[in-house]
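So the chains spell out like this:
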Amino acid sequence: MARPFGTGGVVPSPSTSRAREGFPWRLAAVVVFVACFSLYAWQTLIAGRPVGGGLLLLPVLFMLTAPAFVRASRSESTFDLAGLMATGLALRCAAAYFRWVNGADAHVYHQVGAELARSFRSLHFSVDVGREVPGTGALRYIAGLVSVPTNSDEFLTFLVFTWFGFWGCVLLYRAFVTALPGADRSRYAKLIFLWPSLAFWPSSIGKESWIMLTLGLAMLGAARVLVRRRGGYSLLTAGLAGMTLVRPHVALLAVVAFGVAFLVGRRDDSRAGVVTPTSVAKAVGIVMLLLVGGVLATKTVAFLKIDDLSGSSVDTALQSVRERSAEGESQYESPNPGTPGGYVTAFVTTIARPLPTEAHGFEQLATSAEGLVLFGFLLTSRRRLASVPRRLRREPYITFALAYLLMFVYAFSAISNFGILARQRVQVLPFVFVLLAVPAVGAARQRDLRTPPVPS
């Protein structure tokens, strides 16, 4: 019997289940879907843009996703998870049009992918992608594979990559409820499916959509390992392998964060000095982490073009990133995270900049507004964040999220361009949302006090 989609395998008791929240998310999904379909039709029939294939593929994508919607509807009784998911998918499909109109690198990926697709249709897969692998070359290869079923139609390929990014969010949600069944599932679902950056940037042919998909797969595997369910290591390995194809340094961050969570996490059934199946499994897991970490370290060194991962080499790589990204109207002076004050500035920069006074143009103003909203969430979630320290051992997925966030801030604060930073930020937002959705201090005790005792 399949585990419920929305509760991480925990079936809500009929006596404790609440009615679904009142907002009509399913109606919202229908409205956004119709608006998106109308947009495609208008641009095809009136503006003459080549997006007519989207009129056929859009319903197909929803039909292919329908089993997940049905499963979510049946398993989650406290809020309309299926409606939220459908709304999120419709928003992403609408965003895909705007990403297609304003695409830059995405158009190059499509052009090269269309050329590669010709070879793939002839079953010739040993091709020269023209760029490095791991890295841009791997994404070109993936774009070529996707271009085979889409018949090299650029907009259809955009929609397929958009679908990849959506499924990454689905997997991230499943990882959250698997590892933290007692957390605020409704809040996390709204954040992961409706947050503007997560709906906009991965809705394109590009690394963001692929990273979201593989990150979600890896996180679901990590969650299953941390709660000792089967299949976790297989999913984790597959997700890390996919990330390594495009951004090995992100995969390395995930492995290190998982290693911290794996070692810090408390095993309630372990006994000092006694060899148990749990202790053996943990020892095997540590060995696997060391092996995978070694491979990813090698790939990262080659990708960053440095000699090793020593402090001086990493500093050299970060300085190179600062110099390469400091171009265009969106450039700024990146902070130095090597000092306590500099790290605080780097945190604000990585999570929320540009500030309103630094924003120029609609896109930057929208990004700035989103950053202010996120900081508003952080301020109003003080009681939730205050509960994080006491949960680090008992709920190691929180440790994972915190460790990944802290390392991400250090590594990506070197970026000196607001536009690049806004795209890269989508790789860390799901982990920020984990911290925003943990139960508040005293929330569990208050629930216990409100619940009447069970008669003996």
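For the structure, check the block above.
Overview of the structure.

Rules used in this analysis
- Residues numbered from 1 in each chain as written.
- Predicted model: local features only at pLDDT ≥ 70, side-chain atom pairs only at ≥ 80, totals over all residues.
- Heavy atoms only, no water.
- Helix = DSSP H or I, 4+ residues; strand = E, 2+ residues; numbered from the N terminus.
- Buried < 20%, exposed > 50% of the residue type's maximum accessible area, 1.4 Å probe, protein only.
- Contact = heavy atoms within 4.5 Å.
- Areas by Shrake-Rupley, 256 points an atom, 1.4 Å probe, with all protein chains shown as cover.
- Core = buried A, V, L, I, M, F, W, Y, C linked by side-chain atoms within 4.5 Å.
- Phe/Tyr/Trp six-rings, centres within 6.5 Å; stacked < 30°, edge-to-face > 60°.
- Axes fitted to C-alpha atoms, helices over the stretch in contact; angles between N-to-C directions.
- Parallel < 35°, antiparallel > 145°, perpendicular 65-115°, else oblique.
- Left-handed = near helix turned anticlockwise from the far one by under 90°.
- Nonpolar A, V, L, I, M, F, W, Y, C, P; charged D, E, K, R; others polar.
- Salt bridge = Lys/Arg side-chain N within 4 Å of Asp/Glu carboxyl O.

Summing up its helical and strand segments, the chain has 21 helices and 0 strands in all. Each of the 456 residues in the chain was classed as buried or not, and the buried ones make up 52%. Once local pairs closer than 6 in sequence are excluded, the contacts in the chain between residues at least 24 apart make up 76%. Of the roughly 20,900 Å² of accessible surface on the chain, 64% is carried by carbon and sulfur atoms.

Membership of the largest hydrophobic core comes to 116 residues, with the highest contact counts inside it found for Phe193, Met219, Tyr397, Phe400, Tyr404 and Phe433. Here the element with the most residues in this core is helix α6 (residues 154-179); it accounts for 18 residues.

Here we take up the packing of aromatic side chains. The full count for this structure, using the stated rule, is 28 aromatic pairs. Ring centres of Tyr97 and Phe98 lie 5.5 Å apart, and the angle between their planes is 80 degrees; on these two criteria the pair is classed as edge-to-face. Overall, the relative accessible area of 43% leaves Phe98 in the partly exposed class. Feature note: the residues Phe258, Phe262, Tyr397, Phe400, Tyr404, Phe408, Phe412 and Phe431 constitute an aromatic cluster, connected by ring pairs.

Before going further, it helps to spend a moment on the packing of α6 against helix α9 (residues 207-226). Interaxial distance between α6 and α9 falls to 7 Å at its minimum, and their mutual angle equals 20 degrees. It follows that α6 is roughly parallel to α9 by the angle criterion. When you trace α6 past α9, the crossing you get is left-handed. Between α6 and α9, the residues in contact are Phe161, Phe164, Gly165, Trp167, Gly168, Cys169, Leu171, Leu172, Arg174, Ala175, Thr178 and Ala179 and Ser209, Trp210, Met212, Leu213, Leu215, Gly216, Leu217, Met219, Leu220, Ala223 and Arg224, respectively. Considered class by class, the residues forming the contact of α6 with α9 number 16 nonpolar, 5 polar and 2 charged.

Once that is clear, we can look at the pattern of salt bridges. Summed over all chains, the structure comprises 8 salt bridges. Between Arg118 and Glu115 there is a salt bridge; the shortest N-O distance is 3.5 Å. A residue pair is termed a helical-turn pair when its members lie 3 or 4 positions apart in one helix, as Arg118 and Glu115 do in helix α4 (residues 105-121) at 3 residues. With a relative accessible area of 54%, Arg118 lands in the exposed category. Residues Arg247 and Glu208 are paired through a salt bridge, measuring 3.0 Å at the closest nitrogen-oxygen approach. Residue Arg247 is found in the loop between α10 (232-246) and α11 (248-264), and its partner Glu208 is found in helix α9; the two are separated by 39 residues along the sequence. Here Arg247 falls in the buried class, since its relative accessible area comes to 6%. Overall, the relative accessible area of 7% leaves Glu208 in the buried class.

By themselves, these observations are geometric and do not establish any function.
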